[in-house]
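Residue-level listing of the chains:
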Amino acid sequence: MGVVSAILRGSAAACILLALPGAVMAQTNGCALQNGDGGRRILRCPGGVTVTAEAGASFTLHDRNGDGSPDSVSLRRRAILVDVDSSRHSGGFQVVTPQAIAAVRGTQWAVDVGGGQTSVLVVRGAVGVRRPQGDPVVLRPGEGVDIRSGSAPLEVRRWPGPRAAALLARLGQ
């Protein structure tokens, strides 16, 4: 099983960096890491998986089946945008946070962890979201859910434009 850990702060990441003119790139477990605007980092991985992380995001990529492409990410802090190209990525992909698990076959969605809460917003496709123990809800484009610890049912809502735009702007969208 391959694992890539990254705690992204400023221009440093927990991986091997190669300085190239005008950019910093990293080769980590087959994924290329590049700097984005505003301190964001973009991981482009084999199999059509792209993870965009805002500055300060803390996460670990996992390749559970050993095929050279990540199939899950454990997100501990801040926000990431995940884009999975289902025509190139076999199997599913999931984001695991302290409060929730969001899983898909191929889509684009944002996950934000902070203040004891996980928020999930779907940009394209459909995402199943559940607590570590519990029934899933399915989110479609423009829908989101906020998950806190506990057992209350998850409530799917259409996110107001300004809220969705603010999260996506943190991720360069």
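Use the structure listed above.
Okay, so let's go over this structure.

**A few points about the pairing of strand β12 (residues 117-124)**
Across the eight residues of β12, six count as buried, placing the element largely inside the fold. Summarising the sheet, strand β11 (residues 108-114) and β12 pair through seven bridges and their orientation is antiparallel. Considered in β12, the bridge of V113 is made with T118. Of the strand pairs in this sheet, β12 and strand β15 (residues 143-148) are connected by five bridges, and their pairing is antiparallel. The residue bridging T118 from the neighbouring strand is I147, located in β15.

**Considerations on the pattern of salt bridges**
A full pass over the atoms with the stated rule returns seven salt bridges. Across the salt bridge formed by E54 and R78, the nearest N and O atoms sit 2.7 Å from each other. Of the two residues, E54 is situated in the loop between β6 (49-53) and β7 (58-63) and R78 in strand β8 (residues 72-84); the sequence distance between them amounts to 24 residues. The class of E54 is buried, set by a relative accessible area of 4%. Note that D146 and R163 form a salt bridge whose closest N and O atoms lie 2.6 Å from each other. Within this pair, whereas D146 is found in strand β15, its partner R163 is found in helix α1 (residues 161-170), the two being separated by 17 residues in sequence. Taking relative accessible area as the criterion, R163 reaches 32% and is therefore assigned partly exposed. Salt bridges sharing common partners tie together E54, R78, D112 and R170.

**What to know about α1**
Turning to α1, its buried residues number three or more, namely A164, L167 and L168. Projected onto a plane normal to the axis of α1, the buried residues spread over an arc of 95° and lie on a single side. As for α1, its buried residues are in contact with β8, β11 and β12. G172 occupies a position one or two residues after α1 and carries a positive phi of about 80°.

**Side note on unusual backbone geometry**
Of note in the backbone geometry, R78 takes a positive phi value of approximately 75° without being a glycine. When its relative accessible area of 34% is taken as the criterion, R78 is described as partly exposed.

**Thoughts on the environment of Q94**
Assignment of secondary structure puts Q94 in strand β9 (residues 93-96). Along the primary structure Q94 and V127 are separated by 33 residues, whereas in three dimensions their C-alpha atoms are 9.3 Å apart. Apart from residues lying up to four places away in sequence, Q94 is in contact with R64, D71, S72, V73, I101, A102 and A103.

Here is what the cut-offs are and how they apply
Residues numbered from 1 in each chain as written. Predicted model: local features only at pLDDT ≥ 70, side-chain atom pairs only at ≥ 80, totals over all residues. Heavy atoms only, no water. Buried < 20%, exposed > 50% of the residue type's maximum accessible area, 1.4 Å probe, protein only. Helix = DSSP H or I, 4+ residues; strand = E, 2+ residues; numbered from the N terminus. Pairing = 2+ DSSP bridges. Salt bridge = Lys/Arg side-chain N within 4 Å of Asp/Glu carboxyl O. Arc of directions from axis to C-beta. Contact = heavy atoms within 4.5 Å.

These results come straight from atomic positions and should not be treated as a statement about function.
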